[in-house]
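As a plain string of letters, each chain reads:
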There are 2 protein chains.
Amino acid sequence: MEEQEIELALVTSPTNIYYLTGYNAFSFYVPQFLVVPLDRELFLVNRSIDRPSARETTWLEEEMIKPYGEEYIDHYVNYPDPKHPVDFLLDLLRSEGLDDRRFGLELDDYYCRAFYYRSLVEELGVEVKDATQLVPRVYLKKSEREIDYMKEASRIVEKGMKSAIEAIEDGVTENEVAAEILHTMVKNGGSMPSFPPMLQTTAACHITWTDSVIREGTSVSVEIAGCKERYHSPMCRTVIVADEDSSLVREARDVIGKQIEAHKKALETVKPGIMAEEVAIEANKIFDERSSRVGYPAGIGFPPDWGERTASFQLGDKTVLEPNMTFHTISTLTEPFMMEFSE
Amino acid sequence: MEEQEIELALVTSPTNIYYLTGYNAFSFYVPQFLVVPLDRELFLVNRSIDRPSARETTWLEEEMIKPYGEEYIDHYVNYPDPKHPVDFLLDLLRSEGLDDRRFGLELDDYYCRAFYYRSLVEELGVEVKDATQLVPRVYLKKSEREIDYMKEASRIVEKGMKSAIEAIEDGVTENEVAAEILHTMVKNGGSMPSFPPMLQTTAACHITWTDSVIREGTSVSVEIAGCKERYHSPMCRTVIVADEDSSLVREARDVIGKQIEAHKKALETVKPGIMAEEVAIEANKIFDERSSRVGYPAGIGFPPDWGERTASFQLGDKTVLEPNMTFHTISTLTEPFMMEFSE
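Residues numbered from 1 in each chain as written. Chains lettered and ligands numbered in written order. Predicted model: local features only at pLDDT ≥ 70, side-chain atom pairs only at ≥ 80, totals over all residues. Heavy atoms only, no water.

With that out of the way, let us pick up the interface of chain A and chain B. The interface is formed by 79 residues belonging to chain A together with 79 residues belonging to chain B. Both sides of the chain A and chain B interface together cover about 6,900 Å² of buried area, and 58% of this is carbon and sulfur. When the area that chain A buries against chain B is broken down by residue, the three leading residues are Y29, Y76 and H206 of chain A, summing to 10%. There are six salt bridges connecting chain A and chain B. (Contact = heavy atoms within 4.5 Å. Buried area = accessible area lost by both parts, 1.4 Å probe. Salt bridge = Lys/Arg side-chain N within 4 Å of Asp/Glu carboxyl O.)

Right, dumping it as structure tokens:
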């Protein structure tokens, strides 16, 4: 914070609040703020009915939880005297003498609504700096305990993928396959991943299951992640419903040969001390169709993402790799692979 | 838009983009914009690898999809020449001659990042008005087809809740219960709900399952929703692991008697022509412990919410109820009930 000249960070990302306090409730559909002054103890502003969740899941002392009442919730239209949780926050900042600091906001995060920024600037008249990367740069490098969660998530996703491969066959619906994946991962200790299982039977990405029936000749790209304590280990595999020696499978093998080679190259290239972009440069020498990016930072996350917002294996990323950084290497629409870099 | 003096609405909520175009991909973890000029055809700005998803799931013509390239993705730190999708958007607005309009942004929605607002104001110097309620006010009242989705979602959640009640018993883990719920709802035609199943065994709200073992004497509050084509029908029930004639169950019956009565009152009160707050006023005459709110608008949604952002059964809400508005009535931590108002 000092380096970035931020005197008070207003953390709104549920992922970052979780990382700093342990707060683990799906209550982030309403406004929540972790107020982190540089010179004073931090405190959490959440909704009063979620106070018990803060007590149970965080290390915060009672006086560090300062919830707003139910009378601030969902006043949209047709209210004679509308209240907003931001009103509560601003009053609190004023009464705590914190309303004249240089603020840091996660301006480029989903959960930092434009309304928060506008209210701070217009009502407090404070200077606001971008703090989107303030917390993520800390968890870019994982602790041993975090790596253990990642490994557990990897074990869970392996089971989930196995159940997907077993379930996919001529005549089943995509719903049935998704049901098996979720059942297997959750029963085996998984938390809810930030994305639903993605079952893609066309070139369309980021699509979940439909009630379509899978038929002979269908290629199903399965993209899932195991999740343990909000740490994710993603995996992609493509399942083709066809005989091992069919022309379809033979063609697919030809197509993916180069990709697999490029992936192996990426995995071989990864090592501490090099820059993130070097992994992409090496892999792209062998195969480069869709994008220069061959890996993204996977790990801690709440919906809508299991990717972190830190460093990628793509051109231009000069981040120097260190042990215990975690990435998911992935390539093209048809056959992505997974690795965990956790040396 | 005319009424609110908005010349160009920049829609960023995935729920609202879905409502207007049909776009149904879990790609909203990266920036996406539906540009809706008052005097011209709308167009979608999304990521290039998600162009096929826009083709497949929306009614948009090819020229109405204007994606940004992969070179705009995830340039966080350590990039010599960082690019952001907002740069692409601003360039596009300029080249289309749309950079001098009066803008409407969903300032108070999760997916309208502060960074978008700041960029528009600082780089284009445009006036920005709040358009958070622009689209939701339209789907507050559902079409017959939307009501059909809600009814299908209700059938799905009933099956899910039945499986939860059957699964909860002494000795099972919360993971096992959650796995059964998800399996049942998804296998029976459900899409992925915006919240994971919530299994609450203490006063803490919005908590999902853990690997704890459920024991005799545990009270499990189950909060789930069936989901069909992104339309949700939520339901809450509390399951107590104890004999029917145990003192625990007898006490629980005493406690919830008033609540059930209040709920029945709420359901009786709901009718077209009254104001939303009247439902709360009537129900709270009988039981009013936690909050004046006895119902929220349930329906269309992507993570992190299945509640709409429209009207609630709570004090102050003067919205006049009409047929085909959908709400989830819910009360207190211990025993909430569900209804669908779809007359």
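Taken together, the side chains of E169, D170, E216, D243 and D245 of chain A define an acidic patch exposed on the protein surface. Within the element layout of this structure, D243 of chain A appears in the loop between β8 (231-240) and α8 (247-269). (Patch = residues over 30% accessible without salt bridge, like charges linked within 9 Å, V, L, I, M, F, W, Y side chains within 5 Å. Areas by Shrake-Rupley, 256 points an atom, 1.4 Å probe, with all protein chains shown as cover. Lys, Arg positive; Asp, Glu negative; His and termini not counted. Charge placed at Lys NZ, Arg CZ, Asp CG, Glu CD. Helix = DSSP H or I, 4+ residues; strand = E, 2+ residues; numbered from the N terminus.)

Right, let's get into the domain arrangement of chain A. Residue and element names in this part refer to chain A. Considered domain by domain, chain A is made up of domain 1 (8-138) and domain 2 (140-329). Each of domain 1 and domain 2 has a C-alpha centre, and the two are 33 Å apart. With 17 residues of domain 1 in contact, the opposing surface of domain 2 contributes 16 residues. Around 1,500 Å² of area is buried between domain 1 and domain 2 when both sides are counted, 54% of it from carbon and sulfur atoms. Contact with domain 2 buries surface across domain 1, with Y18, Y110 and R137 losing the most and accounting together for 36% of the total. For D109, the salt bridge is made with R309, and the minimal N-O distance between the two is 3.9 Å. Between domain 1 and domain 2 we count 10 residue pairs in polar contact (both at pLDDT 80 or more) in total. Every element with two or more residues in the side of domain 1 that touches domain 2 is listed here: α1 (14-21) and α5 (136-139). (Domains from an automatic or database assignment. Polar contact = N/O pair within 3.5 Å; in protein donor to acceptor, adjacent residues only side chain to side chain.)

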